[in-house]
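Here's the letter readout for the chains.
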Amino acid sequence: MSERRLTVLSGPSGVGKSTVVAELRRAHPEVWLSVSVTTRRPRPGEVHGVHYFFVDNEEFDRLIESGELLEWAEFAGNRYGTPREPVLKKLAEGVPTLLEIDLEGARQVRRSMPEALLVFLAPPSWEELEKRLRGRGTEPEEVIARRLEAGRNEMAAEHEFDLSLVNTNVQDVCHRLIALMTDPQGVTTTTNREV
Ligand SMILES: Nc1nc2c(ncn2[C@@H]2O[C@H](COP(=O)(O)OP(=O)(O)O)[C@@H](O)[C@H]2O)c(=O)[nH]1
Ligand SMILES: Nc1ncnc2c1ncn2[C@@H]1O[C@H](COP(=O)(O)OP(=O)(O)O)[C@@H](O)[C@H]1O
């Protein structure tokens, strides 16, 4: 089993991570996407067990204390974590596995599974990021402001990742991502901006 099969996708809120992941799932059902646990409230259309496992603070505390999370972080006032067991099981089965998590989570995975491939999804520009986040229309302005603030921090950490993909076109990003996950040869360890 190679931990290289574990791929982490991170990037600022609004860059298009969920959109890319949804397209990847549609076009490449052979990739397994970890379903995170979160204390955030569901958005309209989000399904428990599909997009997230929505839990309360008490349950999240319990998951931390029992060591059931591979990593977890607080993001813009809510907590998010990756259930450990299913990830280890899929990796042991040799299934290409993807985590869509924030910067803090990516750093934790880097420490605990150094062979994992860390991919940063970058916006074509800061203006476009703001436009996408507002255009999504799922959060009130104060939440958007908080997410943009976190986004500045995430953008400053781009160099910590193995590779950056600029999300100009969702299909292009998916093609590159699937190639990296299924045939990781040739991936350099220095940051590369592509697509
Ligand atoms: N550390 C960590 N971050 C997560 C996890 N699941 C989701 N996130 C991140 O939490 C942040 C907020 O996610 P979400 O509320 O769904 O908003 P969105 O990414 O803007 O659609 C994003 O950066 C996600 O990548 C997780 O299990 N662990
Ligand atoms: N390549 C793209 N070009 C234009 N709009 C995009 C692109 N990718 C995503 N979007 C849009 O940007 C908004 C934020 O995308 P989303 O996937 O929710 O981001 P994230 O999960 O990173 O917060 C959504 O309205 C989505 O439709």
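Only a predicted model underlies this, so the values are computations on that prediction, with no experimental measurement involved.

Calculation rules
- Residues numbered from 1 in each chain as written.
- Chains lettered and ligands numbered in written order.
- Predicted model: local features only at pLDDT ≥ 70, side-chain atom pairs only at ≥ 80, totals over all residues.
- Heavy atoms only, no water.
- Helix = DSSP H or I, 4+ residues; strand = E, 2+ residues; numbered from the N terminus.
- Rg over C-alpha atoms; globule rule 2.2 N^0.38 Å.
- Buried < 20%, exposed > 50% of the residue type's maximum accessible area, 1.4 Å probe, protein only.
- Contact = heavy atoms within 4.5 Å.
- Areas by Shrake-Rupley, 256 points an atom, 1.4 Å probe, with all protein chains shown as cover.
- Lys, Arg positive; Asp, Glu negative; His and termini not counted.
- Charge placed at Lys NZ, Arg CZ, Asp CG, Glu CD.
- Pairing = 2+ DSSP bridges.
- Axes fitted to C-alpha atoms, helices over the stretch in contact; angles between N-to-C directions.
- Near = heavy atom within 4 Å.
- Polar contact = N/O pair within 3.5 Å; in protein donor to acceptor, adjacent residues only side chain to side chain.
- 1 Å grid on protein atoms, 1.4 Å probe; cavity = no way out; pocket = protein on both sides within 12 Å on 5 of 7 lines; lining within 4 Å.
- Sits in = over half its atoms within 2 Å of the grid points.
- Nonpolar A, V, L, I, M, F, W, Y, C, P; charged D, E, K, R; others polar.

(A) Structural context of the overall build of the chain. Along the backbone of the chain there are seven helices and 10 strands. Taken over C-alpha atoms, the radius of gyration comes to 16 Å for the chain, in line with the 16 Å a tight globule of 195 residues would show. Along the longest, intermediate and shortest principal axes, the C-alpha atoms of the chain span 45 × 40 × 30 Å. Split into buried and exposed, the 195 residues of the chain put 47% on the buried side. Contacts spanning at least 24 positions in sequence make up 69% of the contacts within the chain whose residues lie at least 6 apart. Split by element, the accessible area of the chain, about 9,700 Å² in all, is 50% carbon and sulfur. One finds the centroid of the 25 positive side-chain charges in the chain at a distance of 2 Å from the centroid of its 32 negative side-chain charges.

(B) Examining the sheet that holds strand E3 (residues 36-38) more closely. Strand order across the open sheet formed by four strands is E4-E3-E6-E5, with mixed pairing between neighbours. The two strands at the open ends of the sheet, each matched to only one other strand, are strand E4 (52-54) and strand E5 (69-75). Going across the sheet, the axis of each strand differs from the next one's by a mean of 25°, ignoring polarity. Relative to E4, E3 runs parallel, the two sharing three bridges. Paired with Val37 across the two strands is Phe53, which belongs to E4.

(C) Spotlight on the site of ligand 2. Ligand 2 sits among 13 residues. The nearest are Gly14, Lys17, Ser18, Thr19 and Arg136. The separation between an oxygen atom of ligand 2 and a polar main-chain atom of Lys17 is 2.8 Å. The side chain of Arg136 places a nitrogen or oxygen atom 2.7 Å from an oxygen atom of ligand 2. Burial of ligand 2 by the surrounding chains reaches 75%, relative to a free accessible area of 570 Å². A molecule is said to occupy a pocket when more than half its atoms come within 2 Å of that pocket's grid points, and by this definition ligand 2 occupies the largest pocket. Looking at the shell around ligand 2, the elements that each hand over two or more residues are helix H1 (17-27) and helix H5 (126-136). Among the elements that make up the shell around ligand 2, the one with the highest residue count is H1 (three residues). Each residue belonging to the shell around ligand 2 can be placed in one class, and the counts come to three nonpolar, seven polar and three charged.

(D) Structural context of the side chain of Arg79. Along the chain, the position of Arg79 falls in strand E6 (residues 78-83). For Arg79, the side chain forms a polar contact with the side chain of Asn57, separated by 2.8 Å. Engagement of the side chain of Arg79 in a polar contact is seen with the side chain of Asp61, the distance being 2.9 Å. If we skip the residues at most four places from it in the chain, Arg79 touches Val37, Thr38, Thr39, Asn57, Phe60, Asp61, Ile64, Trp72, Ala73 and Glu74.

(E) Local environment of the site of ligand 1. As a matter of local geometry, ligand 1 sits amid 19 residues, with Ser36, Arg40, Tyr52, Tyr80 and Glu100 nearest to it. Ser36 places a polar side-chain atom, nitrogen or oxygen, 2.6 Å from an oxygen atom of ligand 1. Within the side chain of Tyr80, a nitrogen or oxygen atom sits 2.5 Å from an oxygen atom of ligand 1. Contact with the protein chains hides 99% of the accessible area of ligand 1, taken as 570 Å² for the molecule alone. At a threshold of 2 Å from the grid points, most atoms of ligand 1 map onto the largest pocket. Mapped by element, the contributors of at least two residues to the shell around ligand 1 are H1, E5 and E6. Counted by class, the shell around ligand 1 contains five nonpolar, six polar and eight charged residues.

Any functional reading would require information beyond the geometric quantities listed.
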